[in-house]
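Each chain is listed here by its residues.
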Amino acid sequence: DTCRNMLEWCLPKDMDLEGVEFKAIASGSHRVTTDFIYFRKGCYFGLACFANMPVESTVERGARMKSVGILSPSYTLLYRYMSFLEHQVRLQLQSPGHYSPLEAFYEDKRALLPPSGDGVVTACPANAWGAAINHSMHPEMKITHPAGCMSQFIRFFGEHIMVLWKLALLRRRILIFSPPPVGVVCYRVYCCCCLANISIPGIGVAVPEFRPFFYVNVADISALENELSYVACTTEKIFEEKKDLYDVYVDNQNVKTCRDGLKPLLRLSTADRDKYRKLTEQRQMLLYSQEENGDCVSSEEDLFILFFLEQNNRIFQTLSEVAASPDPTLTQESVRAMGLDPHGDRLFLLHLLEIYGYDTLLVSEQLCCS
């Protein structure tokens, strides 16, 4: 019963954790036995592990449910502590009130958190995500996700991953709905963020940062109202009605929008299908070489991140070259050089020029009328 979620214990004692009890246990979690959940709390990112154990107790209505979680200024390292949290939540269910392992963990790791206080909560880390990703193969990336999280994402959305890629690059507000368990859906949020990486210096500095909110509930509505660009997930169906909060609503595999300007982007272009085919071929070659050579170094996650990073860099590299040329006009040839479809991707391109501030670029008539 979500009305009875309560914060049982925390360290440090003076931290503002208002509402965290509804983030660490997702709405509808009573239907699952275990889950994990990523969320945002102010400027911090959280990871909590949830477990649900049947008990012979009328007071607890036959079930004892708890979550054990941690907060950190960056989410890239949280995954390291997943197994610790899973173990601790089982311990808390079996022997409630036994907090010494959690106290020891906090004492051991506390140096990793900046000193608490108003300064931290109001001054969000400038770009924790950007810092981790812009060195596209940053060592931290290796432990942010479990093996197979990207391939699961590709299998789940299939070629519609290309639609999500465009919407992510356009910095749209994307909300993913799914019933619990929510852990795998938090990974979809993370994977969506990986679609929008650009590593060309100076590109995208003027556009809103594409921020993962991870799990959100009704209590986050006022925070989301002020966000220009985000990707989040929820288990609460009520969000679908709040159309001013999002541009794109993903109901399981179904990508929807109420914005007329975005509806044509939900259709796959010829170039999208080509790109998806290339991605699939690259994945198959990688899997083949892993089997043949026992190659465990190159991972599918790296391939996925690099595939979209290179695609995005190719678009902006071409745009910058055309913008700097004596005749700054986008032609069918330059659009093809970006890996886009001059006909099917025309609207996407116009949105892109507007959002990334390429005001000086002209669009050739072939593109306008094709």
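Here, every reference points to the structure presented above.
Residues numbered from 1 in each chain as written. Predicted model: local features only at pLDDT ≥ 70, side-chain atom pairs only at ≥ 80, totals over all residues. Heavy atoms only, no water.

1. A few points about helix 3 (residues 100-109)
Turning to step 1, where the next piece is worked out: Looking at helix 3, one finds that the buried residues are Leu102, Phe105 and Tyr106. Taken down its axis, helix 3 places every buried residue within 100 degrees of arc, on the same side. (Buried < 20%, exposed > 50% of the residue type's maximum accessible area, 1.4 Å probe, protein only. Helix = DSSP H or I, 4+ residues; strand = E, 2+ residues; numbered from the N terminus. Arc of directions from axis to C-beta.)

2. Observations concerning unusual backbone geometry
Turning to step 1, where the next piece is worked out: Note the cis peptide between leucine 11 and proline 12, where omega equals -10 degrees.
Turning to step 2, where the next piece is worked out: Looking at the secondary structure, you find proline 12 in the segment before helix 1 (20-23).
Turning to step 3, where the next piece is worked out: Looking along the chain, the bond that leaves proline 180 and enters proline 181 is cis, with omega of 5 degrees.
Turning to step 4, where the next piece is worked out: Its place among the elements puts proline 181 in the loop between strand 4 (174-177) and helix 8 (183-194).
Turning to step 5, where the next piece is worked out: Of note, phenylalanine 214 is a non-glycine position whose phi angle comes to about 60 degrees, a positive value.
Turning to step 6, where the next piece is worked out: Mapped onto the fold, phenylalanine 214 is located in strand 5 (residues 211-215).
Turning to step 7, where the next piece is worked out: Of note in the backbone geometry, asparagine 252 takes a positive phi value of approximately 55 degrees without being a glycine.
Turning to step 8, where the next piece is worked out: Mapping asparagine 252 onto the fold places it in the loop between strand 7 (248-251) and strand 8 (254-257).

3. Notes on the nonpolar core
Among soluble globular proteins, nonpolar side chains are generally buried collectively.
Turning to step 1, where the next piece is worked out: Of all hydrophobic cores here, the largest spans 95 residues; its most connected members are Ile161, Phe304, Ile315 and Phe316.
Turning to step 2, where the next piece is worked out: For phenylalanine 304, the residues in contact, after removing those within four places along its chain, are Met150, Phe153, Ile154, Ile161, Cys191, Cys194 and Leu195. (Core = buried A, V, L, I, M, F, W, Y, C linked by side-chain atoms within 4.5 Å. Contact = heavy atoms within 4.5 Å.)

4. Re the environment of glutamine 92
Turning to step 1, where the next piece is worked out: For glutamine 92, the position within the fold is in helix 2 (residues 82-94).
Turning to step 2, where the next piece is worked out: Classification of glutamine 92 as buried rests on a relative accessible area of 3%.
Turning to step 3, where the next piece is worked out: Residues glutamine 92 and lysine 66, 26 residues apart in the sequence, show an inter-C-alpha distance of 7.5 Å.
Turning to step 4, where the next piece is worked out: Ignoring any residue separated from it by four or fewer positions in sequence, one finds glutamine 92 in contact with Glu8, Lys66, Val68, Gly97, His98, Tyr99 and Leu102.

Geometry only, nothing functional implied.
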